[in-house]
Amino acid sequence: MPDRSFLAWPFFEDRHRDLAERLDAWCAANLPIAHDDVDAACRELVAKLGRDGWLKPTAIDAANPGPLDVRTLCITRETLARHDGLADFAFAMQGLGTGAISLFGTPEQQLWLERTRTGAAISAFALSEPRSGSDVANMEMTAERNGEGYILFGEKTWISNGGIADLYVVFARTGEAPGAKGLSAFLVPADATGLTVAERIEVIAPHPLARLSFEQVRVPATALIGKPGDGFRIAMSVLDVFRSTVGAAALGFARRALDESVKRTAERKLFGAPMAELQMVQGHIADMALDVDAAALLVYRAAWTKDMGAARVTREAAMAKLFATDKAQDVIDRAVQLHGGDGVRRGHIVESLYREIRALRIYEGASDVQRVIIARQTIA
Ligand SMILES: Cc1cc2nc3c(=O)[nH]c(=O)nc-3n(C[C@H](O)[C@H](O)[C@H](O)COP(=O)(O)OP(=O)(O)OC[C@H]3O[C@@H](n4cnc5c(N)ncnc54)[C@H](O)[C@@H]3O)c2cc1C
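These notes cover the structure that comes with them. (Residues numbered from 1 in each chain as written. Predicted model: local features only at pLDDT ≥ 70, side-chain atom pairs only at ≥ 80, totals over all residues. Heavy atoms only, no water.)

With that out of the way, let us pick up the overall build of the protein chain. Looking only at helices and strands, one finds ten helices and ten strands in the protein chain. For 380 residues, the compact-globule formula gives about 21 Å, and the C-alpha radius of gyration of the protein chain, at 21 Å, lands near that figure. Seen through its principal axes, the protein chain has C-alpha atoms that stretch 80 × 45 × 40 Å. The buried share of the protein chain, reckoned over its 380 residues, is 56%. Long-range pairs, those at least 24 residues apart, make up 73% of the contacts in the protein chain between residues at least 6 apart in sequence. Total accessible area on the protein chain stands at roughly 16600 Å², and carbon and sulfur atoms take up 54% of it. Positive and negative charge centroids in the protein chain, built from 44 and 49 side chains respectively, lie 2 Å apart. (Helix = DSSP H or I, 4+ residues; strand = E, 2+ residues; numbered from the N terminus. Rg over C-alpha atoms; globule rule 2.2 N^0.38 Å. Buried < 20%, exposed > 50% of the residue type's maximum accessible area, 1.4 Å probe, protein only. Contact = heavy atoms within 4.5 Å. Areas by Shrake-Rupley, 256 points an atom, 1.4 Å probe, with all protein chains shown as cover. Lys, Arg positive; Asp, Glu negative; His and termini not counted. Charge placed at Lys NZ, Arg CZ, Asp CG, Glu CD.)

So this is what it looks like as structure tokens:
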């Protein structure tokens, strides 16, 4: 039985506690699903999550707009991640992929949100390039003004949902100024002529990932999200909302690792008694529980601060993401250790958590980038 005591913390309202209960029951009945074909699995997960209403918080309701509720996003990611990493991924990408449209889109662009919130369309966020991952301002992809529209040229890589998405929010250099001030954001439908999947990328915790090629992709001026030159600000605003949710997913993985370890050490006998009676085992369990609670405090502090109307939560979100993902890695590593040989057996839950957690310390700003952000904010 997972620890739910954190839901009594003052960060939450009754609607969050209710969501956590209902979603946990839904997950127990519907997850995990087979992952043999990740494209098919993701499509199925988006369809199921959409059908049962869980995707609604990923984007604003254009007919009745209000701010995105970051605590809802975090509780949902934490709960899904505890049950099935791919379900968390499917949910998270519907939000990250449409964040720019929720925050800065025109009414026409926001028509897409009806489809992503119901699972009828899959979205993706295309920022990274082969030569600009952490160094976003060094982006090379161009969007040249041409008559009434733009022509996009270049490459994006590491794009989650690449190949299965129906729409991509793409960042490109429009050149209003050098560096970060010369980027813009565009809504590009997957069937745009000249947009192709150049490579599918396989990773240790499989999910749909691709390198995309944009060969003279023409989009109308109405594809521009926000103003020309606002792309960097838009990308950072989206990450400001969604970065703490990466911490929440890590928290879900860590909670599962802790739960599995508690169960295992109670059941497994060593030297004539349950493992859990060995003091050094208790030391591991104590450190794991401490890391989980400390991560939860930082994640939900960031989410609550944003929900209370803070314009930016750059420092809080960076702390939440850095701490929760790094500590989840430690918690899961201890879980593998406590499971002995079974911990590295292919297909065992802690073995899959060990693979799942790693990328979270790299994407949406690597751990070292979060340290840079925290240091800058602290010194300033
Ligand atoms: C599974 C996965 C899914 C992804 N999904 C998406 C997606 O959907 N959309 C998208 O646009 N991108 C996505 N990415 C890309 C991801 O955001 C980049 O991989 C990440 O930003 C790091 O960029 P890079 O790989 O080019 O590494 P680099 O930028 O080369 O960085 C390498 C390492 O250098 C260190 N480093 C970087 N900057 C600093 C610094 N200032 N100070 C000290 N050390 C530093 C960090 O340890 C970092 O890990 C995904 C990546 C992965 C692995």
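Alright, that's what it looks like, and here's the rest.
The next subject is the environment of Leu 73. Residue placement: Leu 73 occurs in helix α3 (residues 70–83). Classification of Leu 73 as buried rests on a relative accessible area of 2%. For the pair formed by Leu 73 and Thr 245, sequence separation is 172 residues and the distance between their alpha carbons is 6.5 Å. If near-sequence neighbours (up to four positions away) are discounted, Leu 73 is found in contact with Pro 57, Thr 58, Phe 91, Val 241, Phe 242 and Thr 245.

Once that is clear, we can look at the site of the ligand. Neighbouring residues of the ligand: 20 residues in total, closest Phe 125, Ser 128, Ser 134, Trp 158 and Asp 368. In the environment of the ligand, a nitrogen atom lies 2.7 Å from a nitrogen or oxygen atom belonging to the side chain of Ser 128. At 2.9 Å, a side-chain N or O of Ser 160 approaches a nitrogen atom of the ligand. The fraction of the free accessible surface of the ligand (970 Å²) that becomes covered by protein chains is 67%. Among the elements of the structure, β1 (123–126), β3 (149–160) and α10 (367–379) are those that each provide at least two residues to the shell around the ligand. (Near = heavy atom within 4 Å. Polar contact = N/O pair within 3.5 Å; in protein donor to acceptor, adjacent residues only side chain to side chain.)

A rise of 1.5 Å per residue sets the reference length of helix α6 (residues 231–267), with its 37 residues, at 54 Å; its end C-alpha atoms lie 53 Å apart and thus fit the reference within 8%. Taking the largest bend as the criterion, α6 deviates by roughly 40°, centred on Asp 240. Judged by how many residues are buried, α6 sits mostly within the fold: 29 of 37 residues are covered. (Expected span 1.5 Å × (residues − 1). Bend = angle between axes of the 7 residues up to and from the residue.)

As enumerated under the stated definition, the model contains nine aromatic pairs in all. Through pairs of rings, three or more aromatic residues link up here, namely Phe 6, Trp 9, Phe 11, Phe 12, Tyr 300 and Trp 304. If you follow Arg 255 out to its NZ or CZ, it ends over the ring of Phe 6, 4.1 Å from the centre. (Phe/Tyr/Trp six-rings, centres within 6.5 Å; stacked < 30°, edge-to-face > 60°. Lys NZ or Arg CZ within 6 Å of the ring centre and 35° of its normal.)

The next subject is α3. If you check α3, its first and last C-alpha atoms are 20 Å apart, about what 14 residues at 1.5 Å a residue would give, namely 20 Å. Of all the 14 residues making up α3, 14 are buried; the element is thus mostly covered by neighbouring parts of the structure.

Moving on: the state of the cysteines. Scanning all chains against the criterion turns up zero disulfides. Looking at the unpaired Cys 27, the closest cysteine sulfur is the one in Cys 42, lying at 15 Å. (Disulfide = S-S within 2.5 Å.)

Another point: the environment of Leu 187. Assignment of secondary structure puts Leu 187 in strand β5 (residues 183–189). The spacing of Leu 187 and Pro 220 is 33 residues in sequence and 9.7 Å in space, taken between C-alpha atoms. Here Leu 187 is in contact with Ile 101, Gln 109, Trp 112, Leu 167, Tyr 168, Ala 223 and Ile 225, once residues within four sequence places are set aside.

Moving on, we come to the packing of helix α1 (residues 14–30) against α3. The N-to-C vectors of α1 and α3 enclose an angle of 25°; their axes lie 10 Å apart at closest approach. In this view, α1 runs roughly parallel relative to α3, as classed from their interaxial angle. As α1 runs across α3, the sense of the crossing is right-handed. Residue-level inspection shows Arg 15, His 16, Leu 19, Ala 20, Leu 23, Asp 24, Trp 26, Cys 27 and Ala 28 of α1 in contact with α3, the latter providing Arg 71, Thr 72, Ile 75, Thr 76, Thr 79, Leu 80, Arg 82 and His 83. Split into classes, the residues belonging to the contact of α1 with α3 amount to eight nonpolar, five polar and four charged. (Axes fitted to C-alpha atoms, helices over the stretch in contact; angles between N-to-C directions. Parallel < 35°, antiparallel > 145°, perpendicular 65-115°, else oblique. Left-handed = near helix turned anticlockwise from the far one by under 90°. Nonpolar A, V, L, I, M, F, W, Y, C, P; charged D, E, K, R; others polar.)

It is worth spelling out the nonpolar core at this point. Side chains that are nonpolar tend, in soluble globular proteins, to be buried together. Counting residues in hydrophobic clusters, the biggest one holds 116 residues, and the most contacted among them are Leu 80, Leu 152, Phe 171, Val 188, Phe 214 and Tyr 300. At 16 residues, α6 tops the list of elements feeding residues into this core. (Core = buried A, V, L, I, M, F, W, Y, C linked by side-chain atoms within 4.5 Å.)

Turning next to the pattern of salt bridges. Evaluated as defined, the whole model comprises 30 salt bridges. For Asp 24, the salt bridge identified is with Arg 4, shortest N-O distance 2.2 Å. Of this pair, Asp 24 sits in helix α1 while Arg 4 sits in the segment before α1, and the two are 20 residues apart along the sequence. One network of salt bridges, with partners in common, ties together Glu 13, Arg 15, Asp 69, Arg 71 and Asp 307. (Salt bridge = Lys/Arg side-chain N within 4 Å of Asp/Glu carboxyl O.)

The next thing to look at is the environment of Ala 295. With respect to the element layout, Ala 295 can be found in helix α7 (residues 279–307). Taking relative accessible area as the criterion, Ala 295 reaches 4% and is therefore assigned buried. Those residues in contact with Ala 295 that lie beyond four places of it in its chain are Leu 251, Phe 323 and Ala 324.

The next subject is the packing of α6 against helix α8 (residues 314–338). Where α6 contacts α8, the two axes come as close as 8 Å, and the packing angle between them is 20°. Taken together, the axes of α6 and α8 are roughly parallel relative to one another. In terms of crossing hand, the pair formed by α6 and α8 is left-handed.

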